[in-house]
Amino acid sequence: MKILIVDDETVSRTKLKMILETVGECHEAENGREALAFFKRAWAELIPFDLVCLDVSMPGMDGTEVLLEIREAESQMRVSREKPVKILMITSHADKDTVITSIQAGCDDYLVKPFQPGHVLDKIKKLGFKTG
């Protein structure tokens, strides 16, 4: 499994990478623009990401904007409706509006910070990935 972790906070990125590298190959981006470049490059090389873990609150381009751009890029590339990248939104804001906005924008699930390894792996299983 190929995973892209997008978070402007180094500590959050590192913690998530330590958890997820047990189930897949992890790549890191510290902002939305970098994430989109990684995403598009992976498709151009025909080795797309299976999972994107995307922080909601980032400076410059927030996670919701990145999510919408990814879904638009998939549409333009004619990615099959059955094969879009799974997107797990990561947020420290568990309020209803943030969650609804993320779901409406096309995320597959969300995870609230601070997170525990078991909870992250449960979310990954729920998305259909093997964790062990």
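To be clear, the structure that these remarks concern was listed above.
Presented here is an overview of the structure given in this document. (Residues numbered from 1 in each chain as written. Predicted model: local features only at pLDDT ≥ 70, side-chain atom pairs only at ≥ 80, totals over all residues. Heavy atoms only, no water.)

Things to note about the overall build of the chain
Next, step 1: Of regular secondary structure, the chain possesses five helices and five strands.
Next, step 2: Listed N to C, the secondary structure of the chain is β-α-β-α-β-α-β-α-β-α in terms of helices and strands.
Next, step 3: A compact globule built from 132 residues should have a C-alpha radius of gyration of about 14 Å, and the chain, at 13 Å, falls within 12% of that.
Next, step 4: In terms of overall dimensions, the chain has C-alpha extents of about 35 × 35 × 25 Å along its principal axes.
Next, step 5: Per-residue burial for the chain yields a buried fraction of 44% across its 132 residues.
Next, step 6: Considering only intrachain contacts with a sequence separation of at least 6, the fraction spanning at least 24 residues in the chain is 58%.
Next, step 7: Taking the average location of the 18 positive side-chain charges in the chain and that of its 22 negative ones, the two points are 6 Å from each other. (Helix = DSSP H or I, 4+ residues; strand = E, 2+ residues; numbered from the N terminus. Rg over C-alpha atoms; globule rule 2.2 N^0.38 Å. Buried < 20%, exposed > 50% of the residue type's maximum accessible area, 1.4 Å probe, protein only. Contact = heavy atoms within 4.5 Å. Lys, Arg positive; Asp, Glu negative; His and termini not counted. Charge placed at Lys NZ, Arg CZ, Asp CG, Glu CD.)

Some remarks on the pairing of strand 2 (residues 25-29)
Next, step 1: One ladder, built from five bridges, connects strand 1 (residues 2-6) with strand 2; its direction is parallel. Note that in strand 2 the partner of I5 across the bridge is E28.
Next, step 2: Each parallel crossover has a hand, and for strand 1 linked through helix 1 (residues 10-20) to strand 2 it is right-handed. (Pairing = 2+ DSSP bridges. Right-handed = clockwise from strand over helix to strand, strands pointing away.)

Observations regarding the packing of helix 3 (residues 63-76) against helix 4 (residues 96-105)
Next, step 1: In contact at an axis separation of 9 Å, helix 3 and helix 4 are set at 15 degrees when each is read in the N-to-C sense. The angle between the axes of helix 3 and helix 4 places the two elements in the roughly parallel class. The element helix 3 and its partner helix 4 pack so that their crossing is right-handed. Where helix 3 abuts helix 4, its residues T64, L67, L68 and R71 lie against T101, S102 and A105.
Next, step 2: Here the residues of the contact of helix 3 with helix 4 are counted per class, giving three nonpolar, three polar and one charged. (Axes fitted to C-alpha atoms, helices over the stretch in contact; angles between N-to-C directions. Parallel < 35°, antiparallel > 145°, perpendicular 65-115°, else oblique. Left-handed = near helix turned anticlockwise from the far one by under 90°. Nonpolar A, V, L, I, M, F, W, Y, C, P; charged D, E, K, R; others polar.)

Quick notes on the sheet that holds strand 5 (residues 109-112)
Next, step 1: Strands sit in the order 2-1-3-4-5 across an open sheet of five strands; the sheet is parallel. Across the chains shown, the open sheet's two edge strands, defined by having one partner strand only, are strand 2 and strand 5. Strand-to-strand twist across the sheet, computed as the mean angle between neighbouring axes with direction ignored, equals 20 degrees.
Next, step 2: Sheet topology places strand 1 next to strand 3 (residues 51-55); four bridges connect them, and they run parallel. Residue pairing across strands places I5 opposite C53, the latter belonging to strand 3.

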